[in-house]
Amino acid sequence: MPARVYAPTPRNLRLLAAALQRGELVAMPTETVYGLAAHALDTRACRRIFTAKRRPDHDPLIVHISDLRAAEALAEFNEAARVIARHFWPGPLTLVLPKKKIVPGIVTSGQDTVALRSPAHPLARRLLKLSGLPLAAPSANLFGYVSPTTAEHVRLGLGARIKHILDGGACRVGVESTIVSVSASGELRVLRPGAISGSELLAGLNRAGLKGRVMKGKSPSPVLSPGLLDQHYSPHTPLTITPRITAAQRSAAEANTALIFQRKPKNVGENIFWFSAGGELPEAAHNLYAELRLADAGKFARMIVEGAPRSGGALAAAINDRLNRAAGKRGRK
Ligand code: TXA
Ligand code: MG
């Protein structure tokens with residue numbers, strides 16, 4: 001039976017909340033990307049996520065909760081983490097903290113930390129509320145492929161492997177949450193860049209009268225963070241990144257080469273794509289995965305993609321991070 005796509009009516013939301021309570025999987029919209037949700041405290045339900053996505057079991061899941069209170073039932077919060085949660089939740093921010101016993105090992109891949117996020121999307125929040133459960137939810141795509149930002153993206157990837165998809169339209173932000181670990185002394189380590197930057201987090205701490213600092217580089221611990229998965233988010237078409245697609249590059253490109261611009265160029269054609277009409281970063285992030293998927297569906301021999309400006313702050317860093325990892329798995333079939 002192929003997946004059913006549900007309109008977000010009150011009746012359907014109740015039905016989907018009940019499915020989650022029974023241990024079934026529900027693909028749900030969040031403000032970042034669609035997530036594949038399951039009852040986070042039910043090991044068998046979580047196992048279904050790994051099977052449906054073909055996700056290796058050493059890649060831990062993010063647990064979604066409605067608020068700080070629900071989060072504190074699952075992890076040991078320090079004061080710095082509490083301040084940050086109060087400031088940035090609900091929103092595109094995931095905190096990595098020491099887990100409590102109640103969180104099953106399958107969620108954390110056996111590690112002693114858990115990743116927690118309170119999503120802002122009203123439909124994700126409805127499902128959290130109606131089910132009364134913490135929901136483990138990685139992106140609702142087959143492992144390694146481009147993340148989904150519409151219900152149709154989810155259906156194309158997982159339609160034959162799951163039963164329920166909640167349609168909430170296109171995701172507003174378009175790139176996954178910032179993942180940050182927070183130590184008791186206020187050391188912040190950004191494990192995956194997203195819409196919220198390390199310096200914004202630090203400013204949040206400082207405003208509350210707490211000191212802190214943003215640590216550079218990958219975690220020294222053996223924690224498998226998304227930053228370590230260099231091959232990710234990849235279209236099937238080989239992809240290269242360039243800071244700017246020049247006029248010369250454009251005239252040299254054959255019809256079998258897709259060119260993806262940050263900003264819509266003057267003359268467009270079958271092989272020309274763009275992330276944003278006016279070169280705005282929020283719009284580029286919002287369209288990033290949809291455009292990569294569109295170009296990938298066009299059966300081009302290769303794609304050349306413009307990176308976001310280096311000076312563009314957190315969103316540009318997040319976009320370039322995803323593009324770099326998309327390029328890392330060239331020629332994947
Ligand atoms: O915006 C998002 O974060 C979306 C939506 C659905 O909330 N979720 C998402 O999940 O992007 P995904 O598929 O990227 O998987 C979660 C990532 C994994 O790559 C994993 O490495 C990292 O979070 N993660 C989970 N638990 C962790 C932990 N304890 N320590 C470090 N990284 C962790
Ligand atoms: Mg993912």
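Source: prediction; values computed, not measured. (Residues numbered from 1 in each chain as written. Chains lettered and ligands numbered in written order. Predicted model: local features only at pLDDT ≥ 70, side-chain atom pairs only at ≥ 80, totals over all residues. Heavy atoms only, no water.)

(A) Spatial organisation of the site of ligand 1. Among the 27 residues in the neighbourhood of ligand 1, the closest are listed as T32, H64, S139, S177 and R192. D59 is positioned with one of its side-chain polar atoms (N or O) 3.0 Å from an oxygen atom of ligand 1. Within the backbone of S139, an N or O atom sits 2.9 Å from an oxygen atom of ligand 1. When ligand 1 sits alone it has 680 Å² of accessible area, and the protein chains cover 99% of it. Where the shell around ligand 1 is concerned, the elements lending two or more residues are β4 (62-64), β6 (113-117) and β10 (187-192). The dominant element in the shell around ligand 1, judged by the number of residues it contributes, is β6, at 4 residues. Residues that form the shell around ligand 1 fall into these classes: 14 nonpolar, 8 polar and 5 charged. (Near = heavy atom within 4 Å. Polar contact = N/O pair within 3.5 Å; in protein donor to acceptor, adjacent residues only side chain to side chain. Areas by Shrake-Rupley, 256 points an atom, 1.4 Å probe, with all protein chains shown as cover. Helix = DSSP H or I, 4+ residues; strand = E, 2+ residues; numbered from the N terminus. Nonpolar A, V, L, I, M, F, W, Y, C, P; charged D, E, K, R; others polar.)

(B) Representation of the packing of aromatic side chains in the model. Under the definition given, this model contains 3 aromatic pairs. Here the aromatic rings of F77 and W89 are separated by 6.4 Å at their centres, their planes lie at 75°, and the arrangement is edge-to-face. On the criterion of sequence distance, the pair formed by F77 in the loop between α3 (68-72) and α4 (79-88) and W89 in the loop between α4 and β5 (93-98) is long-range, its members being 12 residues apart. A ring pair is formed by F273 and F300, whose centres lie 5.9 Å apart and whose planes are at 90°; its orientation type is edge-to-face. Of this pair, F273 sits in strand β14 (residues 272-276) while F300 sits in the loop between α10 (281-297) and β15 (302-306), and the two are 27 residues apart along the sequence. (Phe/Tyr/Trp six-rings, centres within 6.5 Å; stacked < 30°, edge-to-face > 60°.)

(C) Molecular detail of the packing of α10 against helix α11 (residues 313-327). α11 packs onto α10 with a crossing angle of 15° between their chain directions and a minimal axis gap of 9 Å. Here α10 is positioned roughly parallel relative to α11, judged by the angle of their axes. Crossing of α10 against α11: the hand is left-handed. The residues of α11 that touch α10, namely those facing L281, P282, A284, A285, L288, Y289 and L292, are L315, A316, I319, R322 and L323. Looking at the contact of α10 with α11, its residues break down into 11 nonpolar, no polar and 1 charged. (Axes fitted to C-alpha atoms, helices over the stretch in contact; angles between N-to-C directions. Parallel < 35°, antiparallel > 145°, perpendicular 65-115°, else oblique. Left-handed = near helix turned anticlockwise from the far one by under 90°. Contact = heavy atoms within 4.5 Å.)

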